[in-house]
Amino acid sequence: MDSNEDIAPIAILMDELRSEDVQLRLNAIHRISTIALALGPERARDELIPFLQDSVDDEDEVLLALAEELGRNFEEYIGGPEYAHVLLGPLENLSAVEETLVRDKAAESITKVSSVLSQAQIEQYYIPLLQRLSRGEWFTSRTSSCALYAPVYDKVAAPIQDDLRRGFAALAADDTPMVRRAAAKWLAPLVKKYTKAHVLSDGLAVYRKLQADDQDSVRLLTVEDLIAIAQQLSPAEVKEQLLKQIRQTMTDKSWRVRYMAASHFNELAEVVGTELVREELINHFVQLLKDNEAEVRTAAAGQVPGFSKLLEKEVVLARIVPCVRDLCQDVSQHVRAALANQISGLAPLLGKDATIEHLLPLFLHLLKDEFPEVRLNIISKLELVNSVIGIELLSESLLPAIVELAEDKSWRVRQAIIEYIPLLATQLGKPFFDESLGNLCMSWLGDNVYSIREAAAVNLKKLTEVFGVEWSKEQIVPKVVGMGQHPNYLYRMTTVQAIMTIAPSLTLEVIRDNILDMLIQLASDPIPNIRFNVAKALEITATSLGDTPEGVQLVQQKIAPVLEALKNDQDADVRFFSSRALQKAHALEA
């Protein structure tokens, strides 16, 4: 092999990386693993990595791709884990660039590389890198360094752990808010690796400093740190060490901090112990449910059943239910929607009598809400209520709500309610369903939006599985077949598609006696789209009949001749689908 060929891969890469065209440079970066493979481990270490280390002056998307590629087990191309530390060089440079996405990806890749490093490699190469980034002149490198403490903390000797804790504390006290924000974000994973003594001596001090920061963007990130520290301490220690901070966080002047507190409320309640929940947290929870910002109320409403599980039934009735009652009348539709999604979770906690007395009026009120999402959310979670009080008490209000949603002008709302129909069918039972919702389910097949017609066909299939083939034969099949005579071709098309969907759930007798003749008649429809869909439907029907001798016989007698005729159709699509279906039919005979 002459030396020119030897140089080729790296030379081509260098040329492409210097190209004016960003796309070429991007493609080159995505191929660096192939180039490393061509160069072999030694040359990849000696030539490729130094070259990549110098090419940090590029478009952000190219740098992002580079940071990502180096984290994809790239050590395999340079000689395995014992050389993995070589990758830290280019990644260190990428950790200090201006674009946040690139820095985050570089930090993520450094973390991946650290997982294959030995303790000696970490102490010799990783720790110095971490110290350089932590003391960097620009805030960018200091921000990136915050993410790199936790992955290696438990892999190094005790004296180095002491240094790491001091280094992280210095970052938490940095002058730049972006660095303190990163420290607040990465304190939780680090604290989880501290011993309890170090949580009390170091972790708490860092957390308290960040929790009292003058920037709300820093304070809101400390909610997860609070939970991580509380997990490490006993309930008594939480009360002694963290009570002041819990109170400050819950009543923070910034709504964004209160929003984070409300979003993570249940996680906190589970780790602080029952005494604190009763003495402190319940009052804070009630305040969050009454907060003057809708976003905070929405987040708190989402935590209602989870938090109520930690309380006695009497306390839920006395403290939580009155707030829930107010939230049902809330001015913000998002608060009502969040509540509607969660309120049914209270039913199993309160039991039948209390649910009927206190929650039923609220369910009925929310079922009449003007905002479709609120009604949908209530209907989607009816199972829980049904299991406690039965569906009869709700059915009178349920029907108008379902009908209204079924006729909503937004097709997405109509589609969502269709998806809940099989679930409602199981709860309402056959007679009630036939009387009230049967016609509604058929009317969707004639909707002017295709997605609704498609969902309606799937819905009929699920209902067949819920109520059985006999019910389907009486209630669904005649109506579907009747639509096949409709003068509008879209209705005839829907018939074919509905048959395609429900055929696998039906028996041979129903297909033979009720459905096949209609399909065969539509095979000579003047519209080619219908004819090729008939071919597809016959293919599906043949496949579902093919597991019994009678089924195979029916395919030979009735289905194969129709497909033979369609195979000579003047339309190319019809010929294609009928030939394909015919092959399937012959395969069954064979």
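Everything quoted here is computed from the prediction, not taken from an experiment. (Residues numbered from 1 in each chain as written. Predicted model: local features only at pLDDT ≥ 70, side-chain atom pairs only at ≥ 80, totals over all residues. Heavy atoms only, no water.)

Enquirer: Kindly report on the UniProt feature "repeat: HEAT" (unreviewed entry) in the protein, identifying the contributing residues and their values.
Expert: Per the UniProt record, "repeat: HEAT" (unreviewed entry) is annotated on residues 87-125, 242-280, 281-319, 320-358, 359-397, 398-436 and 515-548. Across residues 398-436, helical content stands at 87% and strand content at 0%; the span's end C-alpha atoms are separated by 11 Å. (UniProt positions renumbered as here; feature names shortened; annotations may be inferred. Helix = DSSP H or I, 4+ residues; strand = E, 2+ residues; numbered from the N terminus.)

Enquirer: I'd like to hear about the side chain of Thr222, residue by residue, with values.
Expert: Relative to the helices and strands, Thr222 is located in helix α15 (residues 222-232). Polar side-chain contacts of Thr222 include one of 2.6 Å to the backbone oxygen of Arg219. Discounting residues that sit within four places of it in the chain, Thr222 has contacts with Ala184, Tyr207, Leu210 and Gln211. (Polar contact = N/O pair within 3.5 Å; in protein donor to acceptor, adjacent residues only side chain to side chain. Contact = heavy atoms within 4.5 Å.)

Enquirer: Kindly report on the packing of aromatic side chains, identifying the contributing residues and their values.
Expert: Overall, the coordinates contain eight aromatic pairs when judged by the stated rule. Summarising the aromatic geometry, the rings of Phe467 and Trp471 are spaced 4.9 Å apart at their centres and angled 65 degrees between planes, so their arrangement reads as edge-to-face. Trp471 gets classed as buried once you look at its relative accessible area, which sits at 7%. Taking 5.1 Å as the distance between ring centres and 20 degrees as the angle between the ring planes, the aromatic pair formed by Phe532 and Phe577 counts as stacked. Of this pair, Phe532 sits in helix α36 (residues 528-545) while Phe577 sits in helix α38 (residues 572-589); the two residues are 45 residues apart in sequence, bridging distant segments of the chain. Accessibility classification places Phe532 together with Phe577 in one group, the buried group. Every member of this aromatic cluster is reached through a ring pair, and the members are Phe265, Phe285 and Phe307. Over the face of the ring belonging to Tyr83 we find Arg45, whose NZ or CZ atom lies 3.6 Å from the ring centre. Its guanidinium or amino end placed over the ring of Phe577, Lys536 lies 5.0 Å from that ring's centre, counting from NZ or CZ. (Phe/Tyr/Trp six-rings, centres within 6.5 Å; stacked < 30°, edge-to-face > 60°. Buried < 20%, exposed > 50% of the residue type's maximum accessible area, 1.4 Å probe, protein only. Lys NZ or Arg CZ within 6 Å of the ring centre and 35° of its normal.)

Enquirer: Help me get a handle on the pattern of salt bridges, residues and values and all.
Expert: In total, this model carries 23 salt bridges according to the counting rule given. With its nearest N and O atoms 3.2 Å apart, the salt bridge here joins Glu69 to Arg72. Exposure remark for Glu69: the relative accessible area of 6% places this residue in the buried category. The closest approach of N and O atoms between Glu564 and Lys567, which form a salt bridge, is 4.0 Å. Residue Glu564 is classed as partly exposed on the basis of its relative accessible area, which comes to 33%. (Salt bridge = Lys/Arg side-chain N within 4 Å of Asp/Glu carboxyl O.)

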